[in-house]
Amino acid sequence: MADQGYGPDVVSPFGYGLHHVQLAIPPGSEDACRAFYVGVLGLTEIRKPPELAARGGLWVRADTLEIHLGVEEDFRPARKAHPGIRVGDLDALAARLEADGAEVAWDPHFPGHRRFYAHDNVGNRLEFLSPTT
């Protein structure tokens, strides 16, 4: 289990782990999202199972992170809800996002971590963080 960086780690009898996070995207935005998630964030697109590919969207993965981007007809970006994504080189990622024109908002109010928020190309909030210890 990875140390969360605050408070004691807790082990359950169920062996919980996160497989993926799903974020909504508007219809027809797959290419633009691919440019952001693959081109800017450096994730790799993975093939969706055929029965799910017909729904549109895309899946991306790198390291231990997997994000499913699902098409939602009545799309509204997630402005408060967000994935918290661990990053090994937080400063390099922030610089990469800024070079692509994304606004990076640093937030010092999470004990044991450095973190910032940014929004993806369709307005979903993303948190990127790295433990300081």
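These numbers were taken from a predicted model, which means no experiment stands behind them. (Residues numbered from 1 in each chain as written. Predicted model: local features only at pLDDT ≥ 70, side-chain atom pairs only at ≥ 80, totals over all residues. Heavy atoms only, no water.)

Overview of the overall build of the chain
We count it as follows: Helical segments are the DSSP runs of H or I of at least four residues, strand segments are the runs of E of at least two, and each set is numbered from the N terminus. Radius of gyration means the value over C-alpha atoms here, while the globule rule gives 2.2 Å times the residue count to the 0.38 power. Categorising residues by exposure relies on relative accessible area from a 1.4 Å probe, with only protein chains included: less than 20% of the type maximum marks a residue as buried, more than 50% marks it as exposed, and the intermediate range marks it as partly exposed. Residue contacts follow a heavy-atom distance rule, with two residues in contact if any of their heavy atoms lie within 4.5 Å. In this charge count, Lys and Arg are treated as positive and Asp and Glu as negative; neither His nor the chain ends contribute. All charge positions are set by atom: Lys at NZ, Arg at CZ, Asp at CG, Glu at CD.
Per the secondary structure count, the chain includes three helices and eight strands. Reading the helices (α) and strands (β) of the chain from amino to carboxyl end gives β-α-β-α-β-β-β-α-β-β-β. Against the 2.2 N^0.38 benchmark of 14 Å for 133 residues, the chain shows a C-alpha radius of gyration of 16 Å, consistent with a compact globule. The principal-axis extents of the C-alpha atoms in the chain amount to approximately 45 × 40 × 25 Å. Put simply, the chain has 133 residues, and 40% of those count as buried. Of all intrachain contacts in the chain linking residues separated by at least 6 positions in sequence, the fraction that spans at least 24 positions is 53%. Side-chain charges of the chain comprise 13 positive and 19 negative groups, with the mean position of each set lying 2 Å from the other.

Let's talk about the pattern of salt bridges
We apply this condition: Salt bridge, as applied in this entry: a Lys or Arg side-chain nitrogen positioned within 4 Å of an Asp or Glu carboxyl oxygen.
A complete count under the given rule lists six salt bridges for this structure. Between Glu66 and Arg61 there is a salt bridge whose closest N-O contact spans 2.7 Å. Looking at Glu66, the relative accessible area reads 7%, which means it is buried. Given a relative accessible area of 38%, Arg61 falls into the partly exposed group. Asp107 is the partner of Arg115 in a salt bridge, and the nearest nitrogen-oxygen pair spans 2.8 Å. In this pair, the class of Arg115 matches that of Asp107, namely buried. One salt-bridge network, held together by shared partners, links Asp31, Arg34 and Glu45.

Structural notes on the pairing of strand E7 (residues 113-119)
Where we set the bar: Should DSSP find at least two bridges between two strands, the strands are taken to pair.
For E7, the tally of buried residues reaches five of seven residues, placing the bulk of the element in the interior. With two bridges connecting them, strand E6 (residues 105-106) and E7 associate as antiparallel partners. Paired with Ala105 across the two strands is Tyr117, which belongs to E7. Two successive antiparallel strands, E6 and E7, enclose a turn made up of six residues, where Gly112 displays a positive phi of approximately 80°. With antiparallel pairing between neighbouring strands as the criterion, E7 and strand E8 (residues 125-131) make up a hairpin whose turn holds five residues, including Gly123 at a positive phi of roughly 100°.

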